[in-house]
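Overview (structure and organization)
For reference, the chains in residue letters:
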Amino acid sequence: MKPKHGQLLYQGKAKRIFQSDFDDQVLVEFKNDATAFNALKHQEFEDKGRINCQISAHLFEMLESQGVPNHYLSLAADCWMVVERVRIIPLEVVIRNIATGSLCRETPIKQGDELLPPLLDFYYKDDQMGDPLLSEARLEKLELLSEKDRLEIERIAFRVNLLLQSFFEKLDLTLVDFKLEFGINNQGQILLADEISPDTCRIWDKRIRDSKERILDKDRFRQDLGGVINAYGEVLKRIQGVSSTPRICS
Ligand code: TMP
Ligand code: ASP
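Residues numbered from 1 in each chain as written. Chains lettered and ligands numbered in written order. Predicted model: local features only at pLDDT ≥ 70, side-chain atom pairs only at ≥ 80, totals over all residues. Heavy atoms only, no water.

**Some thoughts on helix α4 (residues 147-170)**
Every α-helix carries 3.6 residues per turn, so stepping three or four residues along brings you back to the same face. We apply this condition: A run of H or I in DSSP counts as a helix once it spans at least four residues, and a run of E counts as a strand once it spans at least two, with each numbered from the N terminus. Multiplying one less than the number of residues by 1.5 Å gives the expected span of a helix.
Taking 1.5 Å of rise per residue, 24 residues should cover 34 Å, and α4 covers 35 Å from first to last C-alpha, within 8% of that figure. Immediately downstream of α4, the backbone of Asp172 shows phi near 65°, a positive value.

**Overview of the site of ligand 2**
Quick reminder of the rule: Proximity is defined per residue: any heavy atom of the residue falling within 4 Å of a molecule or strand makes that residue near it. Two N or O atoms count as a polar contact when they lie within 3.5 Å, although within protein this holds only if one can serve as hydrogen donor and the other as acceptor, and sequence-adjacent residues are included solely when both atoms are side-chain atoms. Per-residue accessibility takes into account occlusion by the displayed protein chains alone, with areas from the Shrake-Rupley method and a 1.4 Å probe. When residues are grouped by polarity, Ala, Val, Leu, Ile, Met, Phe, Trp, Tyr, Cys and Pro land in nonpolar, Asp, Glu, Lys and Arg in charged, and all others, Gly among them, in polar.
The environment of ligand 2 is made up of Lys13, Thr35, Ala36, Phe37, Asn38, Ala39, Lys218 and Arg222. Here an oxygen atom of ligand 2 and a backbone polar atom of Asn38 are 2.4 Å apart. One of the side-chain nitrogen or oxygen atoms of Arg222 is found 2.7 Å away from an oxygen atom of ligand 2. In isolation ligand 2 exposes 270 Å². Once the protein is present, 77% of that is buried. Counted by class, the shell around ligand 2 contains three nonpolar, two polar and three charged residues.

**Some thoughts on the packing of aromatic side chains**
Note the threshold: Here a Phe, Tyr or Trp ring, Trp counted by its six-membered ring, pairs with any other such ring whose centre lies within 6.5 Å, and the pair is stacked when the planes are under 30 degrees apart, edge-to-face when over 60, and tilted otherwise. We call a residue buried when its accessible area falls under 20% of the maximum for its residue type, exposed when it is over 50%, and partly exposed in between, using a 1.4 Å probe and counting protein chains only. To sit over a ring, a charge needs its Lys NZ or Arg CZ within 6 Å of the ring centre and within 35 degrees of the ring normal.
Under the definition given, this model contains four aromatic pairs. Both rings, one in Phe18 and one in Trp80, keep their centres 5.3 Å apart while their planes meet at 35°; by these two values the pair is tilted. Residue Phe18 is located in strand β2 (residues 15-19), and its partner Trp80 is located in strand β7 (residues 80-84); the two are separated by 62 residues in the primary sequence. Here Phe18 falls in the buried class, since its relative accessible area comes to 7%. By relative accessible area, Trp80 is classed as buried at 2%. Ring plane angle 15° and centroid distance 6.1 Å describe the contact between Phe60 and Tyr72, whose orientation is recorded as stacked. Taken together, the positions of Phe60 in helix α1 (residues 48-65) and Tyr72 in strand β6 (residues 72-77) put the pair 12 residues apart, joining distant regions of the chain. A relative accessible area of 0% means that Phe60 is categorised as buried. Given a relative accessible area of 1%, Tyr72 falls into the buried group. Sitting over the ring of Phe221, Lys41 keeps its end group 4.9 Å from the ring centre.

**A look at the pairing of strand β12 (residues 190-193)**
For clarity, the cut-off: Strand pairing is assigned whenever DSSP identifies at least 2 bridges connecting the two strands.
Residues Ile190 and Leu192 of β12 are buried on one face, and the alternating residues Leu191 and Ala193, pointing to the opposite face, are buried as well. Two strands pair when backbone bridges link them, and strand β11 (residues 173-184) and β12 are joined in this way by four bridges, in the antiparallel orientation. Considered in β12, the bridge of Gly183 is made with Leu191. Hairpin connection from β11 to β12: five residues lie between these consecutive antiparallel strands, with Gly188 at a positive phi of about 80°.

**Points about unusual backbone geometry**
In this structure, the amide linkage connecting Leu116 to the following residue, Pro117, adopts the cis form with an omega of 0°. Of note, the phi angle at Asp172 is positive, near 65°, even though the residue is not glycine. Among the structural elements, Asp172 can be located in the loop between α4 and β11.

**A look at the site of ligand 1**
Surrounding ligand 1, one finds 14 residues, the nearest of these being Arg96, Ser102, Asp177, Lys179 and Arg202. Between ligand 1 and Arg202 there is a distance of 2.9 Å, counted from an oxygen atom to a side-chain nitrogen or oxygen. Contact with the protein chains covers 81% of the free accessible surface of ligand 1, which is 440 Å². Looking at the shell around ligand 1 residue by residue, the classes come out as three nonpolar, three polar and eight charged.

**Comments concerning the sheet that holds β6**
Applicable threshold: A fitted line through C-alpha atoms represents every axis, and for helices the fit uses only the stretch in contact; the resulting angles, taken between N-to-C directions, go from 0 to 180 degrees.
Taking strand neighbours across the sheet as the criterion, the five strands line up as β1-β2-β3-β7-β6 in an open arrangement whose pairing is antiparallel. Of all strands in the sheet, those with a lone pairing partner are β1 (8-11) and β6, marking the two edges. Averaged over all neighbouring strand pairs, the angle between strand axes comes to 25°, with direction disregarded. Bridge count for strand β3 (residues 25-30) against β7 is five bridges, and the pairing is antiparallel. Considered in β7, the bridge of Val26 is made with Val83.

**A short note on the nonpolar core**
Under the convention used in this document: Residues belong to one nonpolar core when they are buried, are Ala, Val, Leu, Ile, Met, Phe, Trp, Tyr or Cys, and are joined through side-chain atoms within 4.5 Å. Contacts are assigned to residue pairs that have any heavy atoms within 4.5 Å of one another.
Met81, Val160, Phe168, Leu180, Phe182, Leu192 and Ile196 are the most contacted members of the largest nonpolar core, which totals 58 residues. Leaving out residues up to four positions away in the same chain, Ile196 has contacts with Ile55, Ser56, Leu59, Phe60, Leu63, Leu164, Leu180 and Cys201. Core analysis: the second largest hydrophobic core is formed by six residues, Phe18, Leu27, Ala76 and Val82 among them.

So this is what it looks like as structure tokens:
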């Protein structure tokens, strides 16, 4: 089902943003498209949009209940949510609890090493540039946000990590790493934005020992492991087992 929406405001790789009836709200449509390696690899997976939308809604509601300011307002349909309009800060904030992915490709840190305290990195969000990793000096030079806002984003990101880790723990899932995006609303408040889903997190199944079989996230697509939708569906099923249905806008 498609909710009533206004004009297309922005088209991303996995989502579209539409105008709503209200100036300070927009509608987000989650698409079935999956991309990797800066869209060099692309495939559509039936039902991915719905699964990621529902997972994100559950997680945003859980975080909201714990006082984490975020853009989510309600679901509008299976693959659609209503969110507060924000100006997205072009940064990808990545937190890692276990070493894998680009960290192990770019440094001698060993695959599977536990990272305590967790590692937080800022990447510049620009597909054409390949989302480059930023040093503190480069981040400051770019003048994308004040020092106060950067500290606030780091504080929220570490808190999101703790909350997601303990939530996933109860579901027998390991939160390996994840990417967050932040925006600023009309009142100048920093809000957690974008999505939180198996597209943007690495999640391992604690019930499975095999290092490939246990993967329940986009690495299944990146590494051609198959079973992408089964894996995403398993994450949603476990979340639904412990939390109530997300609210739907009237
Ligand atoms: P990385 O190991 O490839 O740097 O990825 C770190 C985390 O960020 C991982 O959970 C996947 C997520 N991620 C995105 O959500 N979008 C991206 O464009 C990239 C590169 C990673
Ligand atoms: N989202 C990125 C892309 O579309 C990369 C990734 O998630 O691996 O290429």
